[in-house]
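So you can see what is in the structure, the chains are spelled out below.
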Amino acid sequence: MDATKLQELHAFVKFLRANPKTLDLPELSFFKDFCLSVAEAEKTKPSAAPKPPVVEEMDVDEDEEPEEEEEEEEPEEPEPVVDLPPLEPDPDVIPEEHEPVQEVGDAALEVTEEMEDAAQVEKGLASEAMAEGKLEEAIKHFTNAVKLNPHSSILYANRATCFLQMKKPRSAIRDCDEGLRLNPDSGKAYKVRGKAYALIGHYDEAARDLRLGEKIDHDDATFAVLKKVEARLHLIHEREQRIKDAKDRADKARAAKAKAQADAKASKGAGHQHSASCNHPPHADASGSHKPAPGAGFPGGMPGMAGMGGMPGMAGFPGMGGMPGMAGLSPDLLQKLMQDPQILTAIQNPKVMAAVQAIMTDPSKIALYRSDPEVGPVLSKLMDTFGAGAGAAPPRPQPAPAASQAPPFKKPSVADDLD
């Protein structure tokens, strides 16, 4: 499709959006009927029935805890519709014409003086025709003039003026474009093109050209058109700003709502994590697998003391040699021993374990370790516990008398003297 035709169609649709009442004109009834028929066809178009969701059966392990269902995301809210009354249509705006592009001169043509004079004659005839209201005839004379002298900017601007009077704004814009290409400082070309843009509702382009034309060559008629265009632009921009403000408020509200939902979800997840950690056994890691109890799993085993693995040489406690009351301990006593936090902590202390093994090998070393701040309290706890389990407290070892200390004097009795 021709690019020019597409551009003109786009401009025509844009004009209709700004001035919908134009469709009520009799000459546009065919286009209105076409638009209504397309809308009706889209409305009655059958929609495909949604397919039912396929539910797949899943094997559920009864031992597994059911996973929490993910919360369904809420559908996005539609863009807010700002209920503003439409602008009153501009009564001076007309639809763009749809006619073939007008003829132009050959830009590469070398113009002689005779050709320039002939072009001026055609220009005079065109001006007379315009004064008499014979606009079609004037266009013919202007076209002859630009063909004779295609390098004259004023000839294009004058023909554009004639097109504007004929309500052919798009043709006028094309002639002004060519005139400004030849002379970028043509005030008349700017003013005529600005009025042509205003006639089809292109107010931004109209204001730009009218301001430039007024700056180069002021006239009251053009200034009045500029003020009207600026007033229209003010209404349009004000309405667009109100729509933008409403959308910004809606965007901020959606962002605040999304943040609140994210915070609530994070808080809920933290609560579930805390609850899960409270439900785990004391020796369960984050994955739920149980770690061995402290003291269990020492290499070599600890026969005779169920629940206390890994303390070699304490089977039935006979290996403690010299520590009375340690044989034949009852299971209740062993369980009590393993529930004592001080004993459980001591078992994990290498220093304490080394001391216990040393005492098992040489019971006389009890006196050596009793004064140790780490080992001494544990030894006292073990000895008291074992003594209570045997029915009597174990005797505490007494320090041996010094070598230099003489035995106490014993007074001989009469019985001693008898044989």
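Thresholds applied
- Within each chain, residues carry numbers counting from 1 in the order of the written sequence.
- With pLDDT at 70 or above as the cut-off, local features in this predicted model cover only qualifying residues; side-chain atom pairs require 80 or more to be listed or tallied, and sums for whole chains, interfaces and linings still use all residues.
- Side-chain measures were taken over the full set of non-hydrogen atoms in the model, leaving aside hydrogen atoms and water.
- A run of DSSP states H or I qualifies as a helix once it reaches four residues; a run of E qualifies as a strand once it reaches two. Both are numbered from the N-terminal end.
- The span you would expect from a helix comes to 1.5 Å times its residue count less one.
- Each residue is assigned to one of three classes by its accessible area relative to the maximum for its type, calculated with a 1.4 Å probe on protein chains only: buried under 20%, partly exposed between the two thresholds, exposed over 50%.
- It only takes one pair of heavy atoms within 4.5 Å for two residues to be counted as in contact.
- Residues with no salt bridge and a relative accessible area higher than 30% make up the patches, which join like charges within 9 Å and nonpolar side chains (Val, Leu, Ile, Met, Phe, Trp, Tyr) within 5 Å.
- All accessibility values rest on the Shrake-Rupley procedure with a 1.4 Å probe; residue burial counts only the protein chains present in the view.
- Put simply, a salt bridge is a Lys or Arg side-chain nitrogen that is within 4 Å of an Asp or Glu carboxyl oxygen.
- Under this scheme, a helix contributes an axis fitted over its contacting stretch, all axes are lines through C-alpha atoms, and angles between N-to-C directions fall in the 0 to 180 degree range.
- The scheme is simple: roughly parallel for angles under 35 degrees, roughly antiparallel for over 145, roughly perpendicular for 65 to 115, oblique for anything else.
- Should the near helix be turned anticlockwise from the far one by less than a right angle, the crossing is termed left-handed; should it be turned clockwise, right-handed.
- Cavity means a closed set of points on a 1 Å grid over the protein atoms alone, one where a 1.4 Å probe fits but cannot get out, pocket means an open set with protein on both sides within 12 Å along at least 5 of 7 lines, and lining means a residue has an atom within 4 Å of a point.
- Grid points are joined across faces, edges and corners, and a volume is the space filled by probe spheres set on the points.
- Under the scheme applied here, ten amino acids are nonpolar (Ala, Val, Leu, Ile, Met, Phe, Trp, Tyr, Cys and Pro), four are charged (Asp, Glu, Lys and Arg), and all others, including Gly, are polar.
- Here a polar contact is taken to be a pair of N or O atoms separated by no more than 3.5 Å, where protein atoms must pair a possible hydrogen donor with a possible acceptor and residues adjacent in sequence count only if both atoms sit in side chains.
- Here the nonpolar core consists of buried residues drawn from Ala, Val, Leu, Ile, Met, Phe, Trp, Tyr and Cys, with membership extended through side-chain atoms lying within 4.5 Å.

Caption draft 1: Molecular detail of helix α4 (residues 135-148). Taking 1.5 Å as the rise per residue, α4 with 14 residues should run 20 Å; its terminal C-alpha atoms sit 20 Å apart, in good agreement. Within α4, burial applies to L135, A138, I139, H141, F142, T143, A145 and V146. In this fold, the buried residues of α4 make contact with α3 (113-131) and α5 (153-165).

Caption draft 2: Looking closely at a nonpolar patch on the surface. Together, L6, L9 and V13 make up a nonpolar patch on the protein surface, roughly 220 Å² of accessible area in all. Considering the arrangement of structural elements, one finds L6 in helix α1 (residues 3-18). What makes L6 partly exposed here is its relative accessible area of 41%.

Caption draft 3: Molecular detail of the packing of α4 against α5. α5 packs onto α4 with a crossing angle of 160 degrees between their chain directions and a minimal axis gap of 10 Å. Classed by the angle they form, the pair α4 and α5 counts as roughly antiparallel. The interaxial crossing formed by α4 with α5 has left-handed handedness. Only L155, Y156, N158, R159, C162, F163 and Q165 of α5 make contact with α4, whose side of the interface consists of L135, A138, I139, F142, T143, A145 and V146.

Caption draft 4: How the structure looks around the layout of surface pockets. Roughly 600 Å³ of volume is contained in the largest pocket. As for the largest pocket, its lining consists of 23 residues, and the residues nearest its centre are R17, A18, L87, R232 and I236. Every element with two or more residues in the lining of the largest pocket is listed here: α1, α8 (203-216) and α9 (220-279). Here the element with the most residues in the lining of the largest pocket is α9; it accounts for seven residues. Counted by class, the lining of the largest pocket contains 11 nonpolar, three polar and nine charged residues.

Caption draft 5: Structural detail: unusual backbone geometry. In the Ramachandran plot, K167 falls in the positive-phi region, its phi being about 60 degrees despite a non-glycine side chain. Looking at where K167 falls in the secondary structure, it is placed in the loop between α5 and α6 (169-182).

Caption draft 6: Structural context of the side chain of T161. The residue T161 is located in helix α5 in this model. Reaching out from T161, the side chain makes a polar contact with the backbone oxygen of A157 at a distance of 3.0 Å. Setting aside chain neighbours within four positions, we find T161 in contact with M130, K188 and V192.

Caption draft 7: Molecular detail of the environment of L210. One can find L210 in helix α8. Sequence-wise, L210 and A198 are 12 residues apart; in three dimensions their C-alpha atoms are separated by 9.5 Å. Those residues in contact with L210 that sit more than four places away from it in its chain are Y190, K191, G194, K195, T222, V225, L226 and V229.

Caption draft 8: Layout of the packing of helix α7 (residues 187-199) against α8. Where α7 contacts α8, the two axes come as close as 7 Å, and the packing angle between them is 155 degrees. Our classification of the angle between α7 and α8 gives roughly antiparallel. Helix-helix and strand crossings are classified by hand; for α7 and α8 the assignment is left-handed. Of the residues in α8, those in contact with G187, Y190, K191, R193, G194, K195, Y197 and A198 of α7 are Y203, E205, A206, R208, D209, L210, L212, G213, E214 and I216. Looking at the contact of α7 with α8, its residues break down into eight nonpolar, three polar and seven charged.

Caption draft 9: Expanded view of the nonpolar core. With 40 residues, the main nonpolar core has C162 and V229 as its most contacted residues. Listed by contribution, the elements that provide at least two residues to this core are α1, α3, α4, α5, α6, α7, α8 and α9. A total of seven residues in this core trace back to one element, the largest contributor, which is α7. Excluding its chain neighbours within four sequence positions, the residues that come into contact with C162 are M130, L135, A138, I139 and F142. Within the second largest apolar cluster, 15 residues are counted, among which are A355, V356, V375 and L382.

Caption draft 10: Summary view of α5. Here α5 contains 13 residues, and its C-alpha end-to-end distance of 19 Å stays within 8% of the 18 Å for a straight helix at 1.5 Å per residue. Across the 13 residues that make up α5, a large majority, 11, are buried. If you check which residues of α5 are buried, you get S153, L155, Y156, A157, N158, R159, A160, T161, C162, F163 and L164. Taking the backbone nitrogen of L155 as reference, a side-chain oxygen 3.5 Å away marks S152 as the first, capping residue of α5.

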